[in-house]
Amino acid sequence: MTRRTSRPRGMTLIEVLISFAILLTGMVSIFAVLNAGFANHKRAINETEASIAAESLLDGMRADFAAGSVPSSDLKTSFREYPDDPRFTYNRLVLPLAPARRGTIGGAADKEYFVRVTVRWMEKGDDKLVSCDTIMFRGEDRRR
């Protein structure tokens, strides 16, 4: 007569613990990837909106330049509140490309300007910013 040894059916406690550890590791990894994706999506939206705000400000400045006036430059550390979205503040820098010569009025030196618009916002306690640079040409003064 041979003895039949019965093999236990089902899973042991160690096998169950190992499978739960693998499952938990996979779920944590998936949630980390999702969280990073949501954060990058939010950052991209903020950068896009800030870029649109900067371009809108540049459009207004282009209109002033076309009319013959030069918008004033802001102080380097001062930011104004953007009127359409209070989350954003902006700074304008307007510099002539060539220094004006003494004794010349309306020469080429005071018609070309480097313009930088910087838009700033707060995200997770840090200052984030987007800058747009361009060169603008001042139109003829029509008041003469």
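Here the structure is shown first, and the text comes after it.
So, here's what we can say about the structure. Residue indices follow the written sequence of each chain, beginning from 1 at its first position. A pLDDT threshold of at least 70 governs which residues receive local features in this predicted model, and a stricter bar of 80 or more applies before side-chain atom pairs are shown or counted, although totals over entire chains, interfaces and linings include all residues. Computation of side-chain values: all heavy atoms of the structure, hydrogens and water removed.

**Some remarks on helix α1 (residues 13–66)**
Along an α-helix, residues three or four apart share an orientation, since each turn contains 3.6 residues. To keep things clear, this is the line we draw: By the criteria applied, helices consist of DSSP H or I runs no shorter than four residues and strands consist of E runs no shorter than two, each listed in order from the N terminus. What a helix should span is 1.5 Å times the count of its residues minus one. Residue exposure (1.4 Å probe, protein chains only): buried if accessible area is under 20% of the type maximum, exposed if over 50%, otherwise partly exposed. Residues are treated as being in contact if the distance between any of their heavy atoms lies within 4.5 Å.
In this model, α1 (54 residues) spans 79 Å end to end at C-alpha, consistent with the 80 Å of a helix rising 1.5 Å per residue. Among all positions of α1, only N46, A50, A53, A54, L57, L58, M61 and F65 are buried. Looking at the packing, one finds that the buried side of α1 touches β2 (89–96), β3 (112–123) and β4 (126–137). Phi for G68, located one or two positions after α1, is positive at around 100 degrees.

**Points about the environment of V117**
Take V117: it is sitting in strand β3. The sequence separation of V117 and T134 amounts to 17 residues, and the corresponding C-alpha distance is 8.9 Å.

**Section: the sheet that holds β4**
Worth spelling out the cut-off: Note on pairing: two strands pair once DSSP finds at least 2 bridges between them. The angle between two axes is taken between their N-to-C directions and runs from 0 to 180 degrees, where each axis is a line fitted to C-alpha atoms and a helix contributes only its stretch in contact.
Pairing is antiparallel in the open sheet, where four strands are placed in the order β1-β2-β3-β4. Looking at which strands have only one partner, the edges of the open sheet turn out to be β1 (80–81) and β4. Pairing of β3 with β4 involves twelve bridges; the strand directions are antiparallel. In the sheet register, R120 faces β4, and the bridge partner there is L129. Together, β2, β3 and β4 form the strand contacts of α1, whose direction differs from that of β3 by roughly 150 degrees.

**Describing unusual backbone geometry**
Despite not being glycine, K124 has its phi angle at roughly 55 degrees, a positive value. One can find K124 in the loop between β3 and β4. Judged by relative accessible area, K124 falls into the exposed class, the value being 76%.

**What to know about the nonpolar core**
Note the cut-off: Residue types Ala, Val, Leu, Ile, Met, Phe, Trp, Tyr and Cys, when buried and joined through side-chain atoms within 4.5 Å, form a set referred to as a nonpolar core.
If you look at the biggest cluster of nonpolar residues, it comprises 19 residues, and the most contacted ones within it are V115, V117 and V119. At the level of secondary structure, the elements contributing two or more residues to this core comprise α1, β2, β3 and β4. Looking at this core, the element that brings in the most residues is α1, giving seven residues. Beyond its immediate sequence surroundings of up to four residues, V115 is in contact with L58, M61, F65, L93, V94, C132, D133, T134 and M136.

**Some remarks on the packing of aromatic side chains**
Here a ring pair, both rings aromatic, is described through the centre-centre distance and the interplanar angle of the planes. To keep it simple, the criterion reads: Pairing of aromatic side chains requires ring centres within 6.5 Å, counting the rings of Phe and Tyr and the six-membered ring of Trp. Pairs whose planes differ by under 30 degrees are stacked, by over 60 edge-to-face, and all others tilted.
The final tally for this structure, using the stated rule, is three aromatic pairs. When the ring of Y82 is compared with that of Y90, the centres are 6.5 Å apart and the planes differ by 90 degrees; the resulting orientation is edge-to-face. The exposure class assigned to Y90 is buried, which follows from its relative accessible area of 10%. Between F88 and W121, the ring centres sit 5.9 Å apart and the planes meet at 85 degrees, which makes this aromatic pair edge-to-face. Taken together, the residues span a long stretch of sequence, with F88 in the loop between β1 and β2 and W121 in strand β3 at a distance of 33 residues.

**Some words on a nonpolar patch on the surface**
This is how it is decided: Exposure above 30% relative accessible area and no salt bridge define the residues that can form patches, which grow by joining like charges within 9 Å and nonpolar side chains of Val, Leu, Ile, Met, Phe, Trp and Tyr within 5 Å. The method behind every accessible area is Shrake-Rupley, applied with a 1.4 Å probe, and residues are considered shielded solely by the protein chains displayed. Think of a salt bridge as a Lys or Arg side-chain nitrogen and an Asp or Glu carboxyl oxygen that are within 4 Å of each other.
Judged by side-chain polarity, F20, L23, M27, I30, F31, L34 and F38 come together as a nonpolar surface patch covering roughly 770 Å² of accessible area. As for its position among the elements, I30 is in helix α1.

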